[in-house]
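Chain residues, written in single-letter form:
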Amino acid sequence: MAGAGIPLSEASNGSMLRISGIEVQGVLRRRLLDLGFVVGNAVEVLRRSPLGDPIAFRVSNTTIALRREESSLIYGHLIGGEGA
Amino acid sequence: MESPHVIKGPDPMDSLLSAAKKLADKGAIRDEIVSGIYGVSAGICSDAVTYQDRKKLGSTYKLDRIVTSRLWGFPIMLAGLGLVFWITIAGANYPSGWLASLFGWIEGYLTAGFEAVNAPSWLHGVLVLGLYRGTSWVISVMLPPMLIFFPVFALLENFGYLPRVAFNMDRLFKKSGGHGKQALTMSMGFGCNAAAILSTRIIESPRERMLAILTNNFVPCNGRWPTLILLSSMFMVGAATTGALRTFSTALVLMGIVLIGITVTLTVSWVMSKTALRGVPTHYTLELPPYRRPQIWKTIVRSSKEKSLNVLTRAIIVAAPAGIITWVLGNVVVGGDSVLNHMAAFFDPFAQLLGMDGFIIMAFILGLPANEIVLPILLMGYMSSGAMVDVDGLGSIKDIFLSHGWTWLTALNMMLFSLLHYPCGTTLVNIYKETKSLKWAVLSAVIPLGIAITVTFAVAQIVRLLGWV
Amino acid sequence: MSHYTVAFAGNPNTGKSTLFNLLTGLRQHTGNWAGKTVITAEGEFTHNQHVYRAVDLPGTYSLYSNSADEEAARDYIIFEQPDVTLVVLDATSLERNLNLALQVLEITGRAVICINLIDEAKKLGIDINLKAISKRLGVPVVAISARNEIGIEALLNQLERVATGAFTGKPLQITYSEDIERGIAELIPLVEQTVGSRYPARWIALRLLDGDNSLLTSLKAHMRGSKRYETKEVAGHGVTACH
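Residues numbered from 1 in each chain as written. Chains lettered and ligands numbered in written order. Predicted model: local features only at pLDDT ≥ 70, side-chain atom pairs only at ≥ 80, totals over all residues. Heavy atoms only, no water.

The name given to chain C in an unreviewed UniProt entry is Fe(2+) transporter FeoB, and the organism recorded there is Paenibacillus auburnensis.

Chain B appears in an unreviewed UniProt entry as Fe(2+) transporter FeoB from Paenibacillus auburnensis.

Printed below as a string of structure tokens:
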């Protein structure tokens, strides 16, 4: 999966990724695009909810929480951060 | 002059759409459009926005490390809830008493006035003992806690804490088939279920929205708070406790009630999502906005103004006629007893099974328009049934209850019934308007009622079986 | 003295409602429009003898009809054609917020961009060059802090300029990829022929390319005569006795 990178849901807290692909369709894809989950954009993995999921991401200077169902379909390459 | 849209023939709109479809069938248009826009806005920002220190940007989120942490996330939520209750109970206690005394004092003058002009006693009964008393009870019991609860809650909301609650609790809602934002609509329910029904619009999927609508009632709203506070402080905390300890224990009991409500919410969501509302969870995105120091004074003034005004209007609109009706029912005598007593007697055997009495059930039935009036109706029912007690303050309310054979079980089951039973009339109307479905509106009354009956029945039987009362 | 309508658009959590409340005070009520059951606040304010009817649109991330809220906001801007659309942006996350502004500008040039929470941004060390943004966008851009009442006067002055027509901007139009632009060029004549020139043809063409069926549904409803007057709901809808 060298081309696709790793799913955001697998990235550890504190890591920074550059989005390489979004394997979601339909309304959710639109919503994610609106929120800044756009290919090429940088995302930081902030933290997980006390119960393990959802995960909070920092994207375009805002914090967005996604469930595993969604974040596992967004792929990115590690570009740094504490978790790298 | 002909406007273009009166053209006859095949719908021009549809041909327009098919033309567009033909041009667009290369796919990925949406991504190109959005990345086009995104590129432009990123370009503008890189030209016009400079950051002194990018690290600083995340600083408003530092609090999240604690508030949503594995260790502290849930304890902080519970403590916050408890604190809000505690402030409400501690702060409302005295003003409620003062208001009750004030209204009682005015009532004395009203009665004297009626006597001075030799008004017929039925008129005095309808207007003073019915309308005036009903209204003034609603105000003195409801207004002080609401004046405290709403501003405190609004401060939490403006601070940005509620989305964190949704973030912390999402897993629970997901497991039960609901949407994480259900935590937000539930929070709105603490204020008013009817308003919370409208707030479920933030949940886009119809299935999950329906779950949120159906279960919103299990969060006690402002109309039920005072009943819960009053009953728990009178019956659920030991008689010996006083002052701060009493307030504290009352807050704990209320927390317990709310936790029961949350458990029932999750259970009902789970059952419904496995049966009538089956389906896969839809997508979920939740923004956690930066914390912002609320404008304390403005928030307090604004929310108290709006809430107090609403409580007063509601009191007059709903409580006044209900007060009159209750008084009339309590004073029209048929076959040697008042209609009210006949009704209470009719419900009594059933009510006893649930650990309550006929008057309580009747109060809940007559209280359908608004939960605020359940307690006043109950008191009026008791007082018109012979055991006349002078209510010159909140303290004597307990005596009224005790003289009608109340135990802590009666209080507990009335609280449980209040928590779980059907939502108020306004809420039901809103549910119907929002879902456009009579079936769901009816179900959202019947399901809670069924649960309320089952739970109170079970509690009553178990407690009696164990010989605790 | 004239009357103008101002629509407040913006992302959620941008302080849009704070600004709305600040301007309209308590002179507001809950209203709804165009047969939609979406509830929004309406109010009124006066500035330099002009009376403005303020309409608070639902907070949305975009106007691309991903949700009922977005459809409602979009329909209001397109069909009710307010004299000014005030786009409220969060200064601390401009990049994402600007997307909505750009979408609004594709529909109408009668817009004022209002960058809220500017004091918050300063605290975080964010410097925003308003002139540069205004130059790119082609409409007035004002930085304010609604909660601390900073920049409100300047905002109202710009609103007035746009409302009265003293300012006519040339709003930024995004140039898309060749394919999209070719599609738009082919569709525009068709759109104009079908829906007339009242509505922004380029934008409609773009949305149709994107397969936005809900826009078409709304257009149809509006072309069939102002259906909204029949479907208007009772004014009391949604005004609950408590809250």
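Moving on, there is more to tell.
A. Region of interest: the interface of chain B and chain C. Of the residues lining the interface, 65 residues belong to chain B; the matching set on chain C comes to 70 residues. Counting the surface lost from both chain B and chain C, the interface buries some 5900 Å², and carbon and sulfur atoms represent 60% of this. The tally of links from chain B across to chain C stands at four salt bridges. Between E149 of chain C and K298 of chain B there is a salt bridge whose closest N-O contact spans 3.1 Å. (Contact = heavy atoms within 4.5 Å. Buried area = accessible area lost by both parts, 1.4 Å probe. Salt bridge = Lys/Arg side-chain N within 4 Å of Asp/Glu carboxyl O.)

B. Local environment of the domain arrangement of chain C. All names here are of chain C. According to the domain assignment, chain C contains domain 1 (3-171 + 230-242) and domain 2 (178-224). Counting from both sides, the interface comprises 13 residues of domain 1 and, opposite them, 12 residues of domain 2. Each partner contributes to the roughly 1200 Å² buried at the junction of domain 1 and domain 2, and carbon and sulfur atoms together form 57% of this total. If you list the elements that add at least two residues to the side of domain 1 that touches domain 2, you get helix 2 (68-80) and helix 3 (94-107). No other element matches the six residues that helix 2 contributes to the side of domain 1 that touches domain 2. Looking at the side of domain 1 that touches domain 2 residue by residue, the classes come out as five nonpolar, three polar and five charged. (Domains from an automatic or database assignment. Helix = DSSP H or I, 4+ residues; strand = E, 2+ residues; numbered from the N terminus. Nonpolar A, V, L, I, M, F, W, Y, C, P; charged D, E, K, R; others polar.)

C. Main features of empty space enclosed by the protein. In total, this model carries four cavities of 30 Å³ or more according to the counting rule given. By volume, the largest cavity is sized at about 150 Å³. Around the largest cavity, the lining comprises 21 residues; the ones closest to its centre are N61 of chain A, Y61 and P290 of chain B together with D90 and T92 of chain C. Here the lining of the largest cavity is built from residues that sort into five nonpolar, 10 polar and six charged. (1 Å grid on protein atoms, 1.4 Å probe; cavity = no way out; pocket = protein on both sides within 12 Å on 5 of 7 lines; lining within 4 Å. Points joined across faces, edges and corners; volume = space filled by probe spheres on them.)

D. The arrangement of the packing of helix 18 (residues 408-420) of chain B against helix 20 (residues 438-465) of chain B in detail. Residue and element names in this part refer to chain B. Where helix 18 contacts helix 20, the axes come no closer than 8 Å and their chain directions differ by 160 degrees. Here helix 18 lies roughly antiparallel to helix 20, going by the angle between them. Crossing handedness for the pair helix 18 and helix 20: right-handed. Facing W408, L409, L412, N413, L416, F417 and L420 of helix 18, the residues of helix 20 in contact are P448, L449, I451, A452, I453, V455, T456, V459, A460, V463 and R464. Residues that form the contact of helix 18 with helix 20 fall into these classes: 15 nonpolar, two polar and one charged. (Axes fitted to C-alpha atoms, helices over the stretch in contact; angles between N-to-C directions. Parallel < 35°, antiparallel > 145°, perpendicular 65-115°, else oblique. Left-handed = near helix turned anticlockwise from the far one by under 90°.)

E. The arrangement of the interface of chain A and chain B in detail. Between chain A and chain B, the residue contacts involve 32 residues of the former and 34 residues of the latter. Both faces combined, the contact of chain A with chain B buries some 2800 Å², and carbon together with sulfur accounts for 54% of it. Three residues stand out in chain A for area buried against chain B, namely R47, P50 and R67 of chain A, and they jointly supply 26% of the buried area on that side. Summed over the shared surface of chain A and chain B, the number is four salt bridges. A salt bridge links D53 of chain A to K174 of chain B; the shortest N-O distance between them is 3.3 Å. Linking chain A with chain B are 12 residue pairs in polar contact (both at pLDDT 80 or more), by the criterion used here. At the level of elements, helix 1 (26-35), strand 3 (42-48), strand 4 (55-59), strand 5 (62-66) and helix 2 (68-71) of chain A are the ones that each hand at least two residues to the side of chain A that touches chain B. In terms of residues, the side of chain A that touches chain B owes the most to one element, helix 1 of chain A, which gives eight residues. Residues that form the side of chain A that touches chain B fall into these classes: 14 nonpolar, eight polar and 10 charged. Looking at chain direction, strand 5 of chain A and strand 2 (residues 285-287) of chain B are connected through three bridges and run antiparallel. In the strand pairing of strand 2 of chain B, A65 of chain A is matched with L286 of chain B. (Polar contact = N/O pair within 3.5 Å; in protein donor to acceptor, adjacent residues only side chain to side chain. Pairing = 2+ DSSP bridges.)

F. Up close: the UniProt feature "domain: Nucleoside transporter/FeoB GTPase Gate" (unreviewed entry) in chain B. The feature "domain: Nucleoside transporter/FeoB GTPase Gate" (unreviewed entry), as annotated in UniProt, sits at residues 141-230 and 313-436 of chain B in this numbering. Across residues 141-230 of chain B, the secondary structure splits into 73% helix and 0% strand, with the terminal C-alpha atoms separated by 9 Å. (UniProt positions renumbered as here; feature names shortened; annotations may be inferred.)

G. Representation of unusual backbone geometry. A cis geometry characterises the amide bond from D53 of chain A onward to P54 of chain A, with omega recorded as 0 degrees. Tracing the chain through its elements places P54 of chain A in the loop between strand 3 and strand 4. Although it is not a glycine, K436 of chain B adopts a positive phi angle of roughly 50 degrees. Considering the arrangement of structural elements, one finds K436 of chain B in the loop between helix 19 (425-435) and helix 20. The exposure class of K436 of chain B is exposed, given its relative accessible area of 58%. (Buried < 20%, exposed > 50% of the residue type's maximum accessible area, 1.4 Å probe, protein only.)

H. Region of the structure containing the sheet that holds strand 6 (residues 74-81) of chain A. One open sheet accounts for seven strands, arranged 1(A)-6(A)-2(A)-3(A)-4(A)-5(A)-2(B); its pairing is antiparallel. Unpaired on one side and paired on the other, strand 1 (6-7) of chain A together with strand 2 of chain B mark the two borders of the sheet. Each of strand 3, strand 4 and strand 5 of chain A together with strand 2 of chain B is contacted by helix 7 (residues 162-175) of chain B, which is oriented at about 145 degrees to strand 2 of chain B, the strand it contacts most.

I. Quick peek at the packing of aromatic side chains. Summed over all chains, the structure comprises 22 aromatic pairs over all chains. Here the aromatic rings of F149 of chain B and W225 of chain B are separated by 5.2 Å at their centres, their planes lie at 45 degrees, and the arrangement is tilted. Remark: W225 of chain B occurs in helix 11 (residues 225-236) and F149 of chain B occurs in helix 6 (residues 121-159); sequence separation between them is 76 residues. These aromatic residues form a ring-pair network of at least three members: F85, F149, F150, F153, F190 and W225 of chain B. One Lys or Arg, R207 of chain C, reaches over the ring of Y64 of chain C and ends 3.9 Å from the middle of that ring. (Phe/Tyr/Trp six-rings, centres within 6.5 Å; stacked < 30°, edge-to-face > 60°. Lys NZ or Arg CZ within 6 Å of the ring centre and 35° of its normal.)

J. Geometry of the state of the cysteines. Scanning all chains against the criterion turns up zero disulfides over all chains. Not engaged in a disulfide, the cysteine C45 of chain B finds its nearest cysteine sulfur in C114 of chain C; these two sulfurs lie 16 Å apart. By relative accessible area, C45 of chain B is classed as buried at 4%. (Disulfide = S-S within 2.5 Å.)

K. Focus on the nonpolar core. Within the largest apolar cluster, 108 residues are counted, with the highest numbers of intra-cluster contacts made by F85, L378, F401, W406 and M414 of chain B. No other element matches the 11 residues that helix 6 of chain B contributes to this core. The next biggest cluster of nonpolar side chains, apart from the first, holds 91 residues, and it includes C45 of chain B together with I78, V104 and L172 of chain C. (Core = buried A, V, L, I, M, F, W, Y, C linked by side-chain atoms within 4.5 Å.)

L. Representation of the side chain of S338 of chain B in the model. Tracing the backbone shows S338 of chain B in strand 4 (residues 337-338). Excluding residues that lie within four positions of it along the chain, S338 of chain B makes contacts with L329, G330, N331, V332 and V333 of chain B.

M. Region of the structure containing the pattern of salt bridges. Residues and elements named next belong to chain C. Summed over all chains, the structure comprises 23 salt bridges over all chains. Residue R207 pairs with D212 through a salt bridge whose shortest N-O separation is 3.3 Å. On the basis of relative accessible area, D212 is assigned to the buried category, the value being 2%. Counted as one network, the salt bridges with shared partners bring together R74, D75, R207, D210 and D212.

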